[in-house]
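Listed below, chain by chain, are the residues.
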Amino acid sequence: MKSIQKISVVIPFHNEKENLLTLVDGLEKVVSRGSYDYEILLVDDGSYDGYESFLPQLTEKKTVTLIKLNRQMGKGKALSEGLERALGDAILFMDADLQDDPEDIPLFIEKLESGYDFVNGHRFTRKDNGIIKIYSTIARWFLRNYLNSPFTDINCGFKMFRKKILSDVVLYGNNFRFLPLAAFYEGYRVGEVNVHNKPRIYGKSKYGISKLFVGLIDMLSAYFLYKFAEKPLHFFGGIGAILFGIGGLALAWVTYERIVMGVLLYRRPALLYAIFLVILGIQIIMTGIIGELIVYLHKKNA
Ligand code: UDP
Ligand code: MG
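Read on for a plain summary of the structure. (Residues numbered from 1 in each chain as written. Chains lettered and ligands numbered in written order. Predicted model: local features only at pLDDT ≥ 70, side-chain atom pairs only at ≥ 80, totals over all residues. Heavy atoms only, no water.)

**Here we look at the site of ligand 1**
Contacts to ligand 1 come from 17 residues, most closely from Glu 16, Asp 97, Ser 205, Lys 206 and Lys 211. Within the backbone of Phe 13, an N or O atom sits 3.4 Å from an oxygen atom of ligand 1. Taken together, the residues of the shell around ligand 1 sort by class into four nonpolar, five polar and eight charged. (Near = heavy atom within 4 Å. Polar contact = N/O pair within 3.5 Å; in protein donor to acceptor, adjacent residues only side chain to side chain. Nonpolar A, V, L, I, M, F, W, Y, C, P; charged D, E, K, R; others polar.)

In structure tokens form, the structure reads like this:
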């Protein structure tokens with residue numbers, strides 16, 4: 001018995017005119033082979049490469065819906081706009097740049113049908129250069145050890161999931177990279193499939209090296225949100241207490257030196273550092289307390 005009836009393929013794109021038609025053709029060839037209903041939602045994230053006149057045949061297809069954002073709002077926003085319009089009970093995300101291979105789609109479907117709720121791609125053929133390789137090894141280690149991530153390639157844009165997970169998992173801002181992890185935390189059954197990843201031939205990568213920096217910030221925000229959103233004082237309290245503790249000890253030491261050994265305080269720059277650390281520690285602890293208050297009031301009034 002099939003547990004999926006209709007598949008919504010959501011594809012965000014920004015200036016990908018050379019890729020779109022090949023992508024849609026390749027996609028339809030694969031998806032129409034199965035016995036599923038499907039729709040293809042192309043989300044135009046502020047493209048200005050004139051693809052409309054280049055590809056008039058694209059939107060004539062009954063299976064294709066074009067959603068246009070007013071300006072470039074980023075891949076995350078494009079994905080969530082696509083999701084809002086999706087009618088299928090299973091959603092497939094893929095990039096528009098032909099780096100993901102539609103021939104891999106049956107693997108996702110099979111895995112979902114075997115009882116999984118979220119299946120993430122793992123680009124096992126990807127060849128990275130030195131810096132990216134080191135970066136992603138460290139990122140993977142952090143995700144494994146500090147976020148209990150069961151995924152090998154969380155950044156992979158090729159993924160498929162049941163729509164029902166969206167009642168517990170929210171897609172907002174840049175967190176699309178951590179969607180699989182959010183599904184995992186909410187107790188859904190998650191898995192991975194190996195997918196091919198080809199080099200980009202037409203168009204330019206939209207991220208370049210800035211992706212590493214943004215990825216780092218996103219990872220920290222995921223760490224904070226998933227671990228401490230309900231108990232902010234555990235996060236801020238820990239940091240604040242350490243700073244306050246170091247400052248307090250230093251303050252006690254200079255006070256002892258002044259009273260017992262008569263060392264004049266203007267000769268002790270440590271005094272300034274100590275005061276700075278104590279105040280900083282208190283501020284950070286207070287931030288945590290305000291965080292707790294917000295969580296408490298939110299729960300109480302919910
Ligand atoms: N993309 C988008 N808006 C953006 C950046 C990217 O819609 O602001 C789309 C892009 O057109 C492509 C996908 O997101 O379909 C992945 O982008 P890209 O291939 O540039 O990322 P990379 O593969 O280099 O990480
Ligand atoms: Mg790409």
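There's more to say after this.
**Some words on the sheet that holds strand E6 (residues 159-162)**
Taken in spatial order, the seven strands make up an open sheet running E3-E2-E1-E4-E6-E5-E7, and their pairing is mixed. Single-partner strands in this sheet number two, and they are strand E3 (64-68) and strand E7 (190-195). Across the sheet, the mean angle from the axis of one strand to that of its neighbour is 20°, orientation sign disregarded. Of the pairings in the sheet, the one linking strand E5 (residues 118-123) to E7 comprises six bridges and is parallel in character. Within E7, the position partnered with Phe 118 by the bridge is Val 190. Here helix H1 (residues 17-31) sits on the sheet and contacts strand E1 (6-13), strand E2 (37-44) and E3; the angle it forms with E2, its principal contact strand, is near 165°. (Pairing = 2+ DSSP bridges. Helix = DSSP H or I, 4+ residues; strand = E, 2+ residues; numbered from the N terminus. Axes fitted to C-alpha atoms, helices over the stretch in contact; angles between N-to-C directions. Contact = heavy atoms within 4.5 Å.)

**Description of the pattern of salt bridges**
Counted according to the given criterion, the structure contains 15 salt bridges. With a shortest N-O distance of 3.4 Å, Asp 25 and Lys 61 are connected by a salt bridge. In this pair, Asp 25 is assigned in helix H1 and Lys 61 in the loop between helix H3 (56-60) and E3, connecting sequence segments 36 residues apart. A residue is classified by how much of its surface remains accessible, and Asp 25, at 37% relative accessible area, is partly exposed. We classify Lys 61 as partly exposed; its relative accessible area is 23%. Between Asp 95 and Lys 75 there is a salt bridge whose closest N-O contact spans 3.0 Å. With Asp 95 in the loop between strand E4 (90-93) and helix H5 (105-113) and Lys 75 in helix H4 (residues 75-85), this residue pair connects regions lying 20 residues apart in the sequence. Across the pair, exposure class does not vary: Asp 95 and Lys 75 are buried alike. Connected through shared salt-bridge partners, Glu 16, Asp 97, Arg 200 and Lys 206 make up one network. (Salt bridge = Lys/Arg side-chain N within 4 Å of Asp/Glu carboxyl O. Buried < 20%, exposed > 50% of the residue type's maximum accessible area, 1.4 Å probe, protein only.)

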